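Single-letter residue listing:
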Amino acid sequence: SSSAFTLPTSYFQLTHDYLVPSLRDWLTRKQRETRRGRAELRLEERAALWSNKPENRYLPAWWEYLSMVGLTSKKNWTEPQRQFMRKARRVHGTRAMLTLTLLVIAVFALVAFRNNALEQQNATRALGLVDALIKAETTQLPGLVTQLSAFAKWSEPLLVERLARAPDDSPEKLHLSLAL
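Residues numbered from 1 in each chain as written. Predicted model: local features only at pLDDT ≥ 70, side-chain atom pairs only at ≥ 80, totals over all residues. Heavy atoms only, no water.

Q: Hey, could you run me through the overall build of the protein in this one?
A: Looking only at helices and strands, the protein features seven helices and zero strands. For the protein, the proportion of its 180 residues judged to be buried stands at 24%. Sequence separation of at least 24 residues holds for 56% of the intrachain contacts in the protein that already meet a minimum separation of 6. Summed over its atoms, the accessible surface of the protein is roughly 13400 Å², and 60% of this surface lies on carbon and sulfur atoms. (Helix = DSSP H or I, 4+ residues; strand = E, 2+ residues; numbered from the N terminus. Buried < 20%, exposed > 50% of the residue type's maximum accessible area, 1.4 Å probe, protein only. Contact = heavy atoms within 4.5 Å. Areas by Shrake-Rupley, 256 points an atom, 1.4 Å probe, with all protein chains shown as cover.)

Q: When you look at the side chain of Glu64 in this model, what are you seeing that I'm missing?
A: Positionally, Glu64 belongs in helix H3 (residues 62-71). Polar side-chain contacts of Glu64 include one of 2.8 Å to the backbone nitrogen of Ala61. Filtering out sequence-adjacent residues up to four positions away, Glu64 remains in contact with Arg42 and Arg46. (Polar contact = N/O pair within 3.5 Å; in protein donor to acceptor, adjacent residues only side chain to side chain.)

Q: It is not clear to me how helix H4 (residues 79-135) should be interpreted in this structure. Could you clarify?
A: Given a rise of 1.5 Å per residue, 57 residues ought to cover 84 Å, and the 83 Å separating the end C-alpha atoms of H4 matches this to within 8%. Among the residues of H4, those classed as buried are Gln81, Phe84, Met85, Ala88, Val91, His92, Ala126, Leu129, Val130, Leu133 and Ile134. Looking at the buried positions of H4, the neighbouring elements they touch are helix H2 (35-52), H3, helix H5 (141-149), helix H6 (152-165) and helix H7 (171-179). (Expected span 1.5 Å × (residues − 1).)

Q: Where do I start with the environment of Thr138 in this structure?
A: By the element assignment, Thr138 lies in the loop between H4 and H5. Since its relative accessible area comes to 46%, Thr138 is described here as partly exposed.

Q: How should I be thinking about the pattern of salt bridges in this particular structure?
A: Should the charged atoms of two oppositely charged side chains come close, the side chains can pair. Throughout the structure, instances matching the rule amount to seven salt bridges. Across the pair Arg46 and Glu64 runs a salt bridge, and its minimum N-O distance is 3.1 Å. Of this pair, Arg46 sits in helix H2 while Glu64 sits in helix H3, placing them 18 residues apart in sequence. For Arg86, the salt bridge is made with Glu79, and the minimal N-O distance between the two is 3.3 Å. (Salt bridge = Lys/Arg side-chain N within 4 Å of Asp/Glu carboxyl O.)

Q: What exactly am I supposed to notice about a nonpolar patch on the surface here?
A: A surface patch of nonpolar side chains, amounting to about 670 Å² of accessible area, comprises Met97, Leu100, Leu103, Val104, Val107, Phe108 and Val111. Here Val111 is to be found in helix H4. (Patch = residues over 30% accessible without salt bridge, like charges linked within 9 Å, V, L, I, M, F, W, Y side chains within 5 Å.)

Q: Teacher, can you tell me more about the packing of H2 against H4 here?
A: Their axes nearest at 9 Å, the elements H2 and H4 cross at an angle of 85°. Between H2 and H4, the interaxial angle falls into the category roughly perpendicular. Mapping the contact onto sequence places Leu43, Glu44, Arg46, Ala47, Trp50 and Ser51 in H2 and Pro80, Gln81, Gln83, Phe84, Met85 and Lys87 in H4. In the contact of H2 with H4, the residues fall into six nonpolar, three polar and three charged. (Axes fitted to C-alpha atoms, helices over the stretch in contact; angles between N-to-C directions. Parallel < 35°, antiparallel > 145°, perpendicular 65-115°, else oblique. Nonpolar A, V, L, I, M, F, W, Y, C, P; charged D, E, K, R; others polar.)

Q: Quick question: what am I supposed to make of unusual backbone geometry here?
A: Excluding glycine, a negative phi dihedral is what most residues carry, and trans is how most peptide bonds are arranged. If you check the backbone angles, Asp169 has positive phi at about 60° while not being a glycine. Take Asp169: it is sitting in the loop between H6 and H7. Residue classification places Asp169 among the exposed residues on the basis of a relative accessible area of 82%.

Q: What is the right way to read the nonpolar core from this model?
A: Generally speaking, a soluble globular protein has its nonpolar side chains buried in company with each other. Grouped together as the largest cluster of nonpolar side chains are 16 residues, with contacts concentrated most on Val130, Leu133, Leu148, Leu159 and Leu176. Of all the secondary structure elements, the ones that give two or more residues to this core are H4, H5, H6 and H7. Looking at this core element by element, the count peaks at five residues for H4. (Core = buried A, V, L, I, M, F, W, Y, C linked by side-chain atoms within 4.5 Å.)

Q: Explain the environment of Trp77 to me, please; I cannot follow it from the model alone.
A: Considering the arrangement of structural elements, one finds Trp77 in the loop between H3 and H4. On a C-alpha basis, the gap between Trp77 and Leu43 in space is 9.0 Å, while along the polypeptide they are 34 residues apart. For Trp77, the residues in contact, after removing those within four places along its chain, are Leu43, Met68, Thr72, Arg82 and Met85.

So this is what it looks like as structure tokens:
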């Protein structure tokens, strides 16, 4: 009489085989509805791919790495996922440091270039003012001397050099002496 209540095991097997894929699909669909779920699925997928073939090209992009770190729980990571994320952290950390280093070098180079250009521009302006001072009428000297004072660093050596070469009792020597 106990055999009347026993169902054949093949019916259970068929039900199991039929329901498991449907349940997996449903759970995956539900997981894809949230950012956290999508990050977990992406981590699982990418870690499995990387575990089979551990090449850097299978590592996540830096923004994917950040979303995986921020949206998934590290305590729930499997060992292959931990290895995958450690490798991604090393690769992206190295790239970030290299990028930062290059950026700092570029900024320093641009600042140096800009300073050099300003230095050249100021030296050229001072030379032009000294030349104008030598050729100017005596009545124009106060305005030129005022302009020269802004470029004293560049104009004073020029004024001293030109004064040493100027003929005695010339208007040039007078203008240079007044400017100094």
